[in-house]
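# Architecture at a glance
Residue-level listing of the chains:
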Amino acid sequence: MLEISEIIIAVENKDHFVLDPFIKKGDFVKMANGQPLRYVGGFTAVFPFIINNEKWAFRCWHAEMGNVRRRFEKIAKAISTSNAKYLCEFTYTDEGIIVKGKCYPTTRMRWVEGQTIKDYICANAYNSEKLNALAHRFLEMVQDMHKHGFAHGDLQHGNIIID
């Protein structure tokens, strides 16, 4: 299992340790202390970066996820061929970063700005028109996911962004 600090060192030295050529062309968003901004979850660390004035997310695993390669290659292909308007561009790279001399997989996806569904509902708690429209769009999304055979695996309020 990788330590977050080891991944940060590799990201800080992207010219040497980040192998994804798309990521190499961009710049990681920095915190006030100069370190790359990151969001750490149960399995991954996500680093926002900017390329051509567009914000993207670069994700690295810090926990063992089993056969990540096979799953994420299929996910990336399914998303790219689905034309689903509610999913963002997603790319899996089998050898995306080098940490402590070993290659590890990464993903990148467009950064989605907006409110989480929870914050949107709270902000519009007394606006039945907006809440009904949201419920309708959410139902359409779920039906479309079902039609494509998609399952998110962690479809919770922090992972649903309303733009």
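What you are looking at is a predicted structure, and each value in this text was computed from that prediction instead of being measured.

Rules used throughout
- Residues numbered from 1 in each chain as written.
- Predicted model: local features only at pLDDT ≥ 70, side-chain atom pairs only at ≥ 80, totals over all residues.
- Heavy atoms only, no water.
- 1 Å grid on protein atoms, 1.4 Å probe; cavity = no way out; pocket = protein on both sides within 12 Å on 5 of 7 lines; lining within 4 Å.
- Points joined across faces, edges and corners; volume = space filled by probe spheres on them.
- Helix = DSSP H or I, 4+ residues; strand = E, 2+ residues; numbered from the N terminus.
- Nonpolar A, V, L, I, M, F, W, Y, C, P; charged D, E, K, R; others polar.
- Buried < 20%, exposed > 50% of the residue type's maximum accessible area, 1.4 Å probe, protein only.
- Polar contact = N/O pair within 3.5 Å; in protein donor to acceptor, adjacent residues only side chain to side chain.

## Some points on the layout of surface pockets
The computed volume of the largest pocket comes to approximately 2200 Å³. Among the elements that take part in the lining of the largest pocket, helix α6 (residues 128-148) stands out by supplying seven residues, more than any other. Grouping the amino acids of the lining of the largest pocket by side-chain chemistry returns 28 nonpolar, 10 polar and 10 charged. The computed volume of the second largest pocket comes to approximately 340 Å³. Lining the second largest pocket we find 15 residues, and of these Trp61, Ala63, Glu64, Tyr104 and Pro105 sit closest to its centre. Only β5 (90-99) and β6 (102-110) provide two or more residues apiece to the lining of the second largest pocket.

## Structural notes on the environment of asparagine 127
Mapped onto the secondary structure, asparagine 127 falls in the loop between α5 (117-123) and α6. Residue asparagine 127 is classed as partly exposed on the basis of its relative accessible area of 28%. For asparagine 127 and phenylalanine 22, which are 105 residues apart along the polypeptide, the C-alpha to C-alpha distance reads 42 Å. Within the local environment of asparagine 127, its side chain forms a polar contact with the backbone nitrogen of lysine 130, the two atoms lying 3.1 Å apart.

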